[in-house]
Amino acid sequence: MISRTCTRTFQSLINRYLSHQPSSTISYLSSTPSCSFSTCSTITRTRNVSLNAIRSNCRTFSSEPPPLNKKGRQTPLPFMLLSFAVCAALTGASYAYSHFKKIEMEEERKKDEERKRKERTTKGKALIGGPFVLVNTEGETVTEKTFMGKWALIYFGFTFCPDICPEELEKIGEIIELLDKTPEAPKVQPIFISVDPKRDTPELIKSYLQDFHPDFIGLTGTKEQVKRATKAYRVYFSEGPDQAEGANEYIVDHSIVTFLVDPKGNFAANFGQRTSPEEAVSKIIDKMNDFYHGD
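The paragraphs below set out a description of the structure included in this document. (Residues numbered from 1 in each chain as written. Predicted model: local features only at pLDDT ≥ 70, side-chain atom pairs only at ≥ 80, totals over all residues. Heavy atoms only, no water.)

### Points about the sheet that holds strand E3 (residues 151–157)
Thinking step 1. If you walk across this open sheet you meet the seven strands as E2-E1-E5-E4-E3-E8-E9, and the pairing is mixed. Because the sheet does not close on itself, it has two edges, and the strands there are strand E2 (141–143) and strand E9 (267–271). For this sheet the average axis-to-axis angle between neighbouring strands, irrespective of direction, equals 35°.
Thinking step 2. Bridge analysis of E3 against strand E4 (residues 188–194) gives seven bridges, and the strand direction is parallel. Across the sheet, the residue bridging to Trp151 is Val188, located in E4.
Thinking step 3. Relative to strand E1 (residues 133–136), helix H8 (residues 223–232) is tilted by about 115°, and along the sheet it contacts E1, E3 and E4.
Thinking step 4. On the sheet, helix H9 (residues 277–293) packs against E3, E4, strand E8 (258–261) and E9 and is oriented at approximately 170° with respect to E9. (Pairing = 2+ DSSP bridges. Helix = DSSP H or I, 4+ residues; strand = E, 2+ residues; numbered from the N terminus. Axes fitted to C-alpha atoms, helices over the stretch in contact; angles between N-to-C directions. Contact = heavy atoms within 4.5 Å.)

### Observations concerning the pairing of E4
Thinking step 1. Of all seven residues in E4, seven are buried; the element is thus mostly enclosed.
Thinking step 2. With burial as the criterion, each face of E4 is covered, one bearing Val188, Pro190, Phe192 and Ser194 and the other bearing Gln189, Ile191 and Ile193.
Thinking step 3. Regarding topology, helix H6 (residues 164–180) serves as the crossover connection from E3 to the parallel E4, and that connection is right-handed.
Thinking step 4. Of the strand pairs in this sheet, E4 and strand E5 (residues 217–220) are connected by three bridges, and their pairing is parallel. If you follow Phe192 over to E5, its bridge partner there is Gly218.
Thinking step 5. Each parallel crossover has a hand, and the one from E4 via helix H7 (residues 202–209) to E5 is right-handed. (Buried < 20%, exposed > 50% of the residue type's maximum accessible area, 1.4 Å probe, protein only. Right-handed = clockwise from strand over helix to strand, strands pointing away.)

### Overview of the packing of aromatic side chains
Describing an aromatic ring pair means giving the distance of the ring centres and the angle of the ring planes.
Thinking step 1. In total, this model carries nine aromatic pairs according to the counting rule given.
Thinking step 2. Look at Phe156 and Tyr233: their rings are 5.8 Å apart centre to centre, the planes differ by 50°, and that puts the pair in the tilted class. Here Phe156, found in strand E3, pairs with Tyr233, found in the loop between H8 and strand E6 (237–239); they are 77 residues apart in sequence, far enough to count as distant.
Thinking step 3. For Tyr233, a relative accessible area of 4% corresponds to the buried category.
Thinking step 4. Between Tyr208 and Phe212, the ring centres sit 5.3 Å apart and the planes meet at 65°, which makes this aromatic pair edge-to-face.
Thinking step 5. Owing to a relative accessible area of 13%, Tyr208 belongs among the buried residues under this scheme.
Thinking step 6. Three or more aromatic residues joined by ring pairs form one cluster here, namely Phe156, Tyr233, Phe259 and Phe267.
Thinking step 7. Between the NZ or CZ atom of Arg199 and the centre of the ring of Tyr250, over which it lies, the distance is 3.6 Å. (Phe/Tyr/Trp six-rings, centres within 6.5 Å; stacked < 30°, edge-to-face > 60°. Lys NZ or Arg CZ within 6 Å of the ring centre and 35° of its normal.)

### Considering the state of the cysteines
Thinking step 1. Within this structure, the stated rule accounts for zero disulfides.
Thinking step 2. Free cysteine: Cys161, not disulfide-bonded; nearest cysteine sulfur from Cys165 at 3.2 Å.
Thinking step 3. Owing to a relative accessible area of 9%, Cys161 belongs among the buried residues under this scheme. (Disulfide = S-S within 2.5 Å.)

This is how it looks when you write it as structure tokens:
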């Protein structure tokens, strides 16, 4: 009975050793006190296994056995190298992707900062001014580009205006005279644009402006051309009804404002009906200083 037990024990021990499980083999030996080393040697001889071979193999327990795969077999070296290469490739690809995403996010951040900078630059700037095509008192076509490189004061009105337009045009004339007396101020071009193209012919406008300042330029055009110009400068106007059927006397309701335009054709400031010539000149000088010396 003991011999049969030792035989099974030794056979199990050999099988476990051959499957590279030395720790379990040792623990199994220690847990079987009935199987002595001499008995096992006897059984070994009956199994045609030499004691010297067992002792020689037992010395391998002092070193770590080769790594095993999931099936309990030794992992081939080429497969291990291939696995290492795949892991290295995946790690490199992951790093490259992370680096690329970092660069992409940095570019997006710079674009966002540039967009916000432009928004800050244009924030608060009124959307006033723009392209127009009109005709001067000589019958010549005039556009917004005609006045590029010059400071300009633009007023929208009509020659049949009973009081407000003449007052505003006189005030613009005074502003021009005060600026002419200021050595550091560049020349400013006064411009009158009619909102009554039906009655304001180029000849009539030319005669009308002679009562205010000799530098005035008068502009008019078709009804559609005038509408586009007033729309660009956000100027309201509306023809009133005729006083009598077939009569040519009516009042045009319109915005009362004078616009300052810089040499680039951009809106710089505006002056209302209550702005005095001295206040307007002071503001114009400030805008000119900002234009030439500002950031």
